[in-house]
Amino acid sequence: MNEGPTADDIDERRRAVVGATAGGLALGALGTGSVGSAAAQDGETVTVVHDTHFHGRFEDDVANIAEYWWLIQELQAEHENTLFVGAGDEFSPSLAGSWFEGENILEALNEMDPDGVAVGNHESDFGADRMVELFADSEFPWLATNLAGEDGESPYPETEQWVTTDVGGVSVGLLGFVPPGRAPEGGTSLDLVESTQAAIDHLRQEEGVDLVVAGSHLGGESPKRTLARDVDGLDAIVGDHYATVAEEVQEVEGTAISLAGDEYDHLATLTLDADGRVADRTLYSLAEMELEEDDAMAAIREEYNSILDEELSEEVAYAGQDLDARFDSNYNLENEFGNLVTEAMAEQTDAEIAIQNGGGIRSNRIYERGPLEAGDVYEILPFPDPAVKLEITGAELKATLEEAVAVLPGANFGAQPQIQVHNIHYDWHGIEEPVVENVHVDGEPVADDETFTATLSGPNFGRWQTATGNEDVGPADAGEETDTIGNLVSDHVSDLGYLQPKLHNRIHRFDEDAGEPTAVNAEGGEVVFVYPMPEHALTVHEQTFYAVSRHGTRIESTGVETDEEAVRVAFDAAQFETLSTGPDDPTIRVFGGFDPDSDGYDLVPGSVDVESLPFEVGAGEAQSTDGADGGSDEGSADGGSDGDGENESDADGGESDTSSSSVPGFGPISGAAGISGAAYLYEKYGGDGDERGDNG
């Protein structure tokens, strides 16, 4: 890893400070520090207005960019000495951002004339060359303190590692933080602490600034707090990669941290005196305010929106039910819309399986039953990178699925599978290490040496590269680049016409093994499995128990009884027989849920030998949510689990005995796994984890 520049290195290679045509930065900022000293004595303050993080959009459900800019100008007028600082991810991802390749937001930002904007990871969504073009056309500085050019020495093209400005007699140095390890093509990620400290030292010692303020695209509170502890002389960090909103300013080792979300929901002002002390901080919720529109910005918005309305208002399909495109659903559990996306990826590219990352389903909203327009599809799936079709072995598939798992205690939002899949069923474990077991394709157990055709979204191709050690193998060498996922889905839903997604019970979580049942009893028309009470169970959720076959056929438990020693799970005997019919060695899993104590985990699987079941294999009736071939019924999209993602999801579990003659047992619902699990492991292990993952 590059060790990062020293203060002398930065002094030698630093680019000229941006002049009046680039954000209005005054050459008088190159002072000796004497102005700041006088300002501190006179009680001068600087108010930082932040931030941007527009994702290429001109509006969200709360406000639009014309209202946002009007409020910023009101705040600038209210405070005598202001800086306007952006947080990055300005150009993408969104329908508008992809359609115009960032040109729409570039025009808006040039109208706003910010003092500096941190470089976000999505600035390069349209390729490094396009990103540099947009930077070059910007009339304000892009800040990337911990990013250098390919040589590791010079700044990344058309960015600044720092700039200075004078605000009411107070000299300020501005930094910008790029997510570590997210260097775009032609760039090198510098050590965050070393590069930041070197820049601060230069600004303090050579430029004589009074304050050092950073626009940040670091994810969550934890890396900002760590950086604040590890460097000296940083007065404030504003902005966030994960859209975290903090009601109050945080102060860590003399550094103020102010977080105000993303897009158009909030703005914040942070007022510092010339010695870096916090004089005031205010968070503004735009939903609670009466806003006006800036006329010039409204004209820019309408110009671009009219083009989109003309091009993308065509109805492409009719949704027979609500379509859930929220992050909570697509990161945490199998989801109807996620299955529709992966079905499109597989069928439109003639692949056997497909994997889509949860963060690639981007709009984070529910689309109500009714007409679905082309613009809706591209709003949900805005990324311009093509899906990659390649041949993948069973071993590579398992490793890629494991690479996707977010693991506690380090995961941002609890353990998550983070992906949606087509024609794949598997169980996963996300405590301390990722584990994937019982992988099936088209209902059949997967052998390591089997080969499948797979279509992967860009991030999942990256996971395949990492999991297989093929980091240097590009899409064209590994297979073929197909079309963008937005285009694949648009074509697919147009072919379907009517959308009614279904559940397939494809992805299941497990955390502990309950072992073999202590008894299997035939009681009337039921078969009852008796398991030991999980060691760490506080409360068993009796309504969550069910059994599922390798094809996703699911039956609900007819009853669950518990005492201090055991859990008795009953199923209709005829229905359970049906799950055992078919393959010589059927794979059946039984799942359920419980609340864990502070020393336990969430999900506990057990097992039972199918051959020991107290009934003959016969013709029962089981409820199937899958087509005969493991895909969706003709004319409908395939689906995912119910629940709202954050607090509910399909029941999870897994299989500890990987032989095909066993039936794994029970584990709790994933709502407890993803949320309460994160909470108690946070308390158990300590530390302050990040707030939000990215596009996975």
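Predicted model, so just to flag it, every value in this text is computed and none were measured.

## Remarks on the overall build of the chain
Next, step 1: In terms of regular secondary structure, the chain is built from 18 helices and 37 strands.
Next, step 2: Element-wise, carbon and sulfur atoms account for 41% of the exposed surface of the chain, whose accessible area totals about 25500 Å².

## Some points on the environment of V341
Next, step 1: Secondary-structure assignment places V341 in helix α11 (residues 336–349).
Next, step 2: Overall, the relative accessible area of 0% leaves V341 in the buried class.
Next, step 3: With 151 residues separating them along the chain, V341 and H492 place their C-alpha atoms 8.9 Å apart.

## Some remarks on the sheet that holds strand β31 (residues 537–549)
Next, step 1: Taken together, three strands build an open sheet; the order of strands is β32-β31-β35 and the sheet is antiparallel. Only two strands of the sheet have a single partner each, and these edge strands are β32 (554–556) and β35 (588–596). This sheet shows a mean twist of 30 degrees between the axes of neighbouring strands, independent of strand direction.
Next, step 2: Bridge analysis of β31 against β32 gives three bridges, and the strand direction is antiparallel. In the sheet register, A547 faces β32, and the bridge partner there is I555.

## Structural notes on unusual backbone geometry
Next, step 1: Residue S92 is joined to P93 through a cis peptide bond whose omega torsion reads 5 degrees.
Next, step 2: Here P93 shows up in the loop between β2 (82–86) and α4 (95–100).
Next, step 3: Between L408 and the following residue, P409, the backbone shows a cis peptide bond with an omega angle of 5 degrees.
Next, step 4: Tracing the backbone through its elements, the reader meets P409 in the loop between α13 (394–404) and β21 (419–422).
Next, step 5: Of note in the backbone geometry, D113 takes a positive phi value of approximately 60 degrees without being a glycine.
Next, step 6: Positionally, D113 belongs in the loop between α5 (103–112) and β3 (116–118).
Next, step 7: Phi at A243 is positive, roughly 65 degrees, even though this residue is not glycine.
Next, step 8: Relative to the helices and strands, A243 is located in the loop between β10 (236–238) and β11 (250–252).
Next, step 9: A relative accessible area of 26% means that A243 is categorised as partly exposed.

## Remarks on the packing of aromatic side chains
Next, step 1: Across all of its chains, the model carries 16 aromatic pairs by this definition.
Next, step 2: Counting every residue linked through ring pairs, the aromatic cluster contains F91, F135, F140 and W142.
Next, step 3: The ring of Y546 carries the charged tip of R554 above its face, separated from the ring centre by 3.7 Å.

## Some points on the pattern of salt bridges
Next, step 1: In total, this model carries 16 salt bridges according to the counting rule given.
Next, step 2: A salt bridge links D275 to R277; the shortest N-O distance between them is 3.4 Å.
Next, step 3: Residue D275 is classed as partly exposed on the basis of its relative accessible area, which comes to 47%.
Next, step 4: A relative accessible area of 51% means that R277 is categorised as exposed.
Next, step 5: Put simply, R301 and E293 hold a salt bridge, and the shortest N to O gap is 3.4 Å.
Next, step 6: Exposure remark for R301: the relative accessible area of 7% places this residue in the buried category.

## Details of the packing of α11 against helix α16 (residues 485–496)
The angle between the axes and the distance between the axes are what describe a pair of packed helices.
Next, step 1: For the pair α11 and α16, the least separation of the axes is 8 Å and the interaxial angle reads 90 degrees. Regarding the angle of α11 to α16, the classification is roughly perpendicular. Along its contact with α11, which presents L340, V341, E343, A344, M345, E347, Q348 and T349, the element α16 presents I485, L488, V489, D491, H492, V493, D495 and L496.
Next, step 2: Looking at side-chain class alone, the contact of α11 with α16 contains nine nonpolar, three polar and four charged residues.

## A closer look at the sheet that holds strand β34 (residues 566–572)
Next, step 1: A sheet is described by the order of its strands in space; here four strands give the open sequence β29-β30-β34-β33, paired in antiparallel fashion. Strands with a single pairing partner mark the edges of an open sheet, and in this sheet they are β29 (519–523) and β33 (559–562). Adjacent strand axes in the sheet meet at a mean angle of 20 degrees, parallel and antiparallel pairs treated alike.

## Structural notes on the confidence of the model for the chain
Next, step 1: Across the chain, the average pLDDT comes to 80, with 78% of residues at or above 70.
Next, step 2: In the predicted structure, residues 1–42 sits below a pLDDT of 50 and forms 96 contacts with residues beyond four places in sequence or in another chain.
Next, step 3: The low-confidence segment residues 602–696 (pLDDT under 50) makes 352 contacts with residues lying over four places distant or belonging to another chain.

Here is what the cut-offs are and how they apply
Residues numbered from 1 in each chain as written. Predicted model: local features only at pLDDT ≥ 70, side-chain atom pairs only at ≥ 80, totals over all residues. Heavy atoms only, no water. Helix = DSSP H or I, 4+ residues; strand = E, 2+ residues; numbered from the N terminus. Areas by Shrake-Rupley, 256 points an atom, 1.4 Å probe, with all protein chains shown as cover. Buried < 20%, exposed > 50% of the residue type's maximum accessible area, 1.4 Å probe, protein only. Pairing = 2+ DSSP bridges. Axes fitted to C-alpha atoms, helices over the stretch in contact; angles between N-to-C directions. Phe/Tyr/Trp six-rings, centres within 6.5 Å; stacked < 30°, edge-to-face > 60°. Lys NZ or Arg CZ within 6 Å of the ring centre and 35° of its normal. Salt bridge = Lys/Arg side-chain N within 4 Å of Asp/Glu carboxyl O. Parallel < 35°, antiparallel > 145°, perpendicular 65-115°, else oblique. Contact = heavy atoms within 4.5 Å. Nonpolar A, V, L, I, M, F, W, Y, C, P; charged D, E, K, R; others polar. pLDDT = per-residue confidence, 0-100.

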